[in-house]
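Tertiary structure, described
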Amino acid sequence: MAADGTWKLVMTTPIGERKATLSLSTQGGLSGTMTSEEGKTTQIFDASASGDDVAFKAAITSPMPLTLNFTARVAGDKISGSVSATGVGTFPFSGAKA
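Residues numbered from 1 in each chain as written. Predicted model: local features only at pLDDT ≥ 70, side-chain atom pairs only at ≥ 80, totals over all residues. Heavy atoms only, no water.

Digging into the overall build of the protein
Of the regular secondary structure elements, the protein holds zero helices and eight strands. In sequence order, the protein lays out its α and β elements as β-β-β-β-β-β-β-β. For 98 residues, the compact-globule estimate of 2.2 N^0.38 gives 13 Å, and the protein sits close to it at 12 Å. With the C-alpha coordinates of the protein rotated into their principal frame, the extents come out at 35 × 25 × 20 Å. A sequence separation of at least 24 residues applies to 26% of the contacts in the protein between residues at least 6 apart. For the protein, the computed accessible surface area is about 5200 Å², with 51% contributed by carbon and sulfur atoms. If the 8 positive side-chain charges of the protein are averaged to one point and the 8 negative ones to another, these points end up 4 Å apart. (Helix = DSSP H or I, 4+ residues; strand = E, 2+ residues; numbered from the N terminus. Rg over C-alpha atoms; globule rule 2.2 N^0.38 Å. Contact = heavy atoms within 4.5 Å. Areas by Shrake-Rupley, 256 points an atom, 1.4 Å probe, with all protein chains shown as cover. Lys, Arg positive; Asp, Glu negative; His and termini not counted. Charge placed at Lys NZ, Arg CZ, Asp CG, Glu CD.)

Thoughts on the side chain of Arg-18
In this fold, Arg-18 is placed in strand β2 (residues 16–25). Within the structure, Arg-18 has its side chain in polar contact with the side chain of Glu-38 (distance 3.1 Å). For Arg-18, the residues in contact, after removing those within four places along its chain, are Leu-9, Val-10, Met-11, Thr-13, Glu-37, Glu-38, Ser-62 and Pro-63. (Polar contact = N/O pair within 3.5 Å; in protein donor to acceptor, adjacent residues only side chain to side chain.)

Quick notes on the packing of aromatic side chains
Counted by the stated rule, this structure contains two aromatic pairs. Each ring, one from Phe-56 and one from Phe-70, has its centre 4.6 Å from the other, and the planes form 15 degrees; the classification is stacked. Of this pair, Phe-56 sits in strand β5 (residues 53–60) while Phe-70 is found in strand β6 (residues 66–75), placing the two residues 14 residues apart along the sequence. Judged on exposure class, the residue Phe-56 and its partner Phe-70 are both buried. Summarising the aromatic geometry, the rings of Phe-70 and Phe-93 are spaced 5.2 Å apart at their centres and angled 80 degrees between planes, so their arrangement reads as edge-to-face. (Phe/Tyr/Trp six-rings, centres within 6.5 Å; stacked < 30°, edge-to-face > 60°. Buried < 20%, exposed > 50% of the residue type's maximum accessible area, 1.4 Å probe, protein only.)

Digging into the environment of Val-10
Looking at the element boundaries, Val-10 is found in strand β1 (residues 5–13). Overall, Val-10 belongs to the partly exposed group, its relative accessible area being 26%. Separated by 20 residues in sequence, Val-10 and Leu-30 place their C-alpha atoms 21 Å apart. When sequence neighbours within four positions are dropped, the list of residues in contact with Val-10 reads Glu-17, Arg-18, Lys-19, Pro-92, Phe-93 and Ser-94.

Considering unusual backbone geometry
Backbone torsion omega between Ser-62 and Pro-63 reads 10 degrees, so that peptide bond is classified as cis. Relative to the assigned elements, Pro-63 resides in the loop between β5 and β6.

Quick look at the nonpolar core
Counting 24 residues, the largest nonpolar core has Leu-22, Met-34, Leu-68, Phe-70, Ile-79 and Phe-93 as the members making the most contacts within it. Residue assignment for this core shows that the elements contributing at least two residues are β1, β2, β5, β6, β7 (78–85) and β8 (89–97). Among the elements that line this core, the one with the most residues is β6, at five residues. Leave out the neighbours within four places in its chain, and Phe-70 touches Leu-9, Met-11, Met-34, Val-54, Ala-55, Phe-56, Ala-58, Ser-82, Val-83 and Phe-93. (Core = buried A, V, L, I, M, F, W, Y, C linked by side-chain atoms within 4.5 Å.)

Written out as structure tokens, the structure is:
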């Protein structure tokens, strides 16, 4: 599937631009990990993939403890969508295959 692989993400958050590396696999259902630019890795959860659309959550601890809810569309070697977090709002993200 198009979502499989490693993605370099850029999130435009209320506290500035944040970068992360996302590794996705659709074998046996959508799964993967997200690694912050500080090097902290977390498993994604509540993940789903349908065609070119993906959705998943990631629990982070930096810059503050949050559960991020991602919804995205994959188009070739690009991915883009939105991220929402309770108390923070919704903001865009985009990325490309590494």
